Every structure is written in structure tokens, then in C-alpha cells.
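If you want the building blocks of each chain, they are given just below.
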Amino acid sequence: MSSTKSNSKRMKWALDFSHKNKQEKNTEIASPPGYSQGAALVHSTDHSRESNSNHLIIKKSWDLALGPLKQVPMNLFIMYMAGNSISIFPIMMVGMLIIRPVKALFTLQQTFKVIEGTNAVGQKFVFFLGQVVNILLALYKCQSMGLLPTHASDWLAFVEPQTRVEYSGGGFVYS
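None of the values given here were measured: they were computed from a predicted structure.

S.K.: Explain the packing of aromatic side chains here, please?
M.R.: Under the defined criterion, the tally for this structure stands at one aromatic pair. With a centroid separation of 5.2 Å and an interplanar angle of 80 degrees, the aromatic rings of Phe112 and Phe127 are classed as edge-to-face. Here the residue Phe112 occupies a position in the loop between helix H5 (108-111) and helix H6 (120-145), and Phe127 occupies one in helix H6, the gap between them amounting to 15 residues. By the burial criterion, Phe112 is buried, and Phe127 matches it.

S.K.: Please explain helix H4 (residues 88-106) as it appears in this structure.
M.R.: For the α-helix, the turn length of 3.6 residues means that residues three or four positions removed from each other point alike. Between its first and last C-alpha, H4 extends 27 Å over 19 residues, near the 27 Å set by a 1.5 Å rise per residue. Turning to H4, its buried residues number three or more, namely Pro90, Met93, Val94, Leu97, Pro101 and Ala104. Projected down its long axis, H4 carries its buried residues within an arc of 115 degrees, all on one side. The exposed set on the far side of H4, more than 90 degrees from its buried face, consists of Ile88, Met92, Lys103 and Phe106.

S.K.: Help me understand a nonpolar patch on the surface in this model?
M.R.: A cluster of nonpolar side chains, namely Met74, Phe77, Ile78, Tyr80, Met81, Ile88, Phe89 and Met92, defines an oily patch on the protein surface of about 920 Å² accessible area. Only helix H3 (46-82) and H4 provide two or more residues apiece to the nonpolar patch. Sort the elements by how many residues they give to the nonpolar patch and H3 lands first, with five residues. Met81 sits in the exposed class, given a relative accessible area of 53%.

S.K.: Help me out: how do you make sense of the side chain of Asn134 in this one?
M.R.: Along the chain, the position of Asn134 falls in helix H6. Setting aside chain neighbours within four positions, we find Asn134 in contact with Pro68, Gln71, Val72, Asn75, Leu97 and Pro101.

S.K.: Just to check I follow, could you spell out the environment of Pro161 for this structure?
M.R.: Its location among the elements puts Pro161 in the segment after H6. With ten residues separating them in the primary sequence, Pro161 and His151 have C-alpha atoms 8.0 Å apart.

Reading the values: the criteria
- Residues numbered from 1 in each chain as written.
- Predicted model: local features only at pLDDT ≥ 70, side-chain atom pairs only at ≥ 80, totals over all residues.
- Heavy atoms only, no water.
- Phe/Tyr/Trp six-rings, centres within 6.5 Å; stacked < 30°, edge-to-face > 60°.
- Helix = DSSP H or I, 4+ residues; strand = E, 2+ residues; numbered from the N terminus.
- Buried < 20%, exposed > 50% of the residue type's maximum accessible area, 1.4 Å probe, protein only.
- Expected span 1.5 Å × (residues − 1).
- Arc of directions from axis to C-beta.
- Patch = residues over 30% accessible without salt bridge, like charges linked within 9 Å, V, L, I, M, F, W, Y side chains within 5 Å.
- Areas by Shrake-Rupley, 256 points an atom, 1.4 Å probe, with all protein chains shown as cover.
- Salt bridge = Lys/Arg side-chain N within 4 Å of Asp/Glu carboxyl O.
- Contact = heavy atoms within 4.5 Å.

Below, the structure written as C-alpha cells:
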């Protein structure tokens, strides 16, 4: 009696796959909705795999080429948030804005080493153009911060520096 109780408890939570199916051996499982045998054979050819792989390679290479141009809006936002004061954060930000594109331009051949095909020259040009745009943004930020020598007084000792037209400030007036 105790062995039947232990078997019934054990059978309640255990699955036994060792017994054979009572159905016929030749029955097939129904195909899922939307599946057809003919479509599977057409898509499994080598030509479609090769074209899909070429399409993916071209797509990834264009993503790589457009990467610097996709960074431009974020760099503009960071430049706006940093302000024009000369402090550690804007200086580091401008330094990174210049260093990253210059490094990327020096490693241009290594970056596009795996890319082949008819679009490779165009992709390299777009990548180069994006890096140049980022460098120009950094130079504009340097100029707006006053770090670039753009006036004659920056180069010549006998020329008077530019005078401020207006002064502004805030705070309290003591009288």
C-alpha cells in the first residue's frame, strides 16, 4: 500500500518519456501557421544568402561611415551646455572634440580595411567629411572661447588689444 502511494506521488510531478506513443509512428506534426515547405527551399539557396550577407556588409559599412556625422548634433549640444568660460570642463571637452577626429583620421585605412566594393571610396569620403566637420566644430568652440589667435594684437606686441565696447555684471549696488 505504501509503495502505491509513493508511486502516485512520484508520478504526479515526474514525467516519463520512456514509454512509446500510442499513436501511429508515421503521423506528422502540423506545420505552424504561415509556414510552407516551398518557401523554405527558395530562401535556403546560396545566392540569397550571399546577397543578404553583401547587403548586411554594405549596411554596416555605411553605418560606420555615417557615424561621425551622427555625432555632430550631440557635440553641438555638449558645446552649448559647456558654455564659453575658460575652465576645466570646456577645455577638456574641446580637447576631446579635437583629439578623437584626428585619431580617427590617422586610422582611416585600418578602419575601412575590411570594407570592399564599389561604395568603399564614397564611404571613406563621407567618414572623412564627418571627422572634418567635428574638427571644425572644435575650432569654432576654441574661437568662441577666445583661445585662437584671431586678432593682430595676438601676434604683434605694438598693436593695442581690442577694447571692450560694453561691460556687464550682476550683483548688488551698495550706496
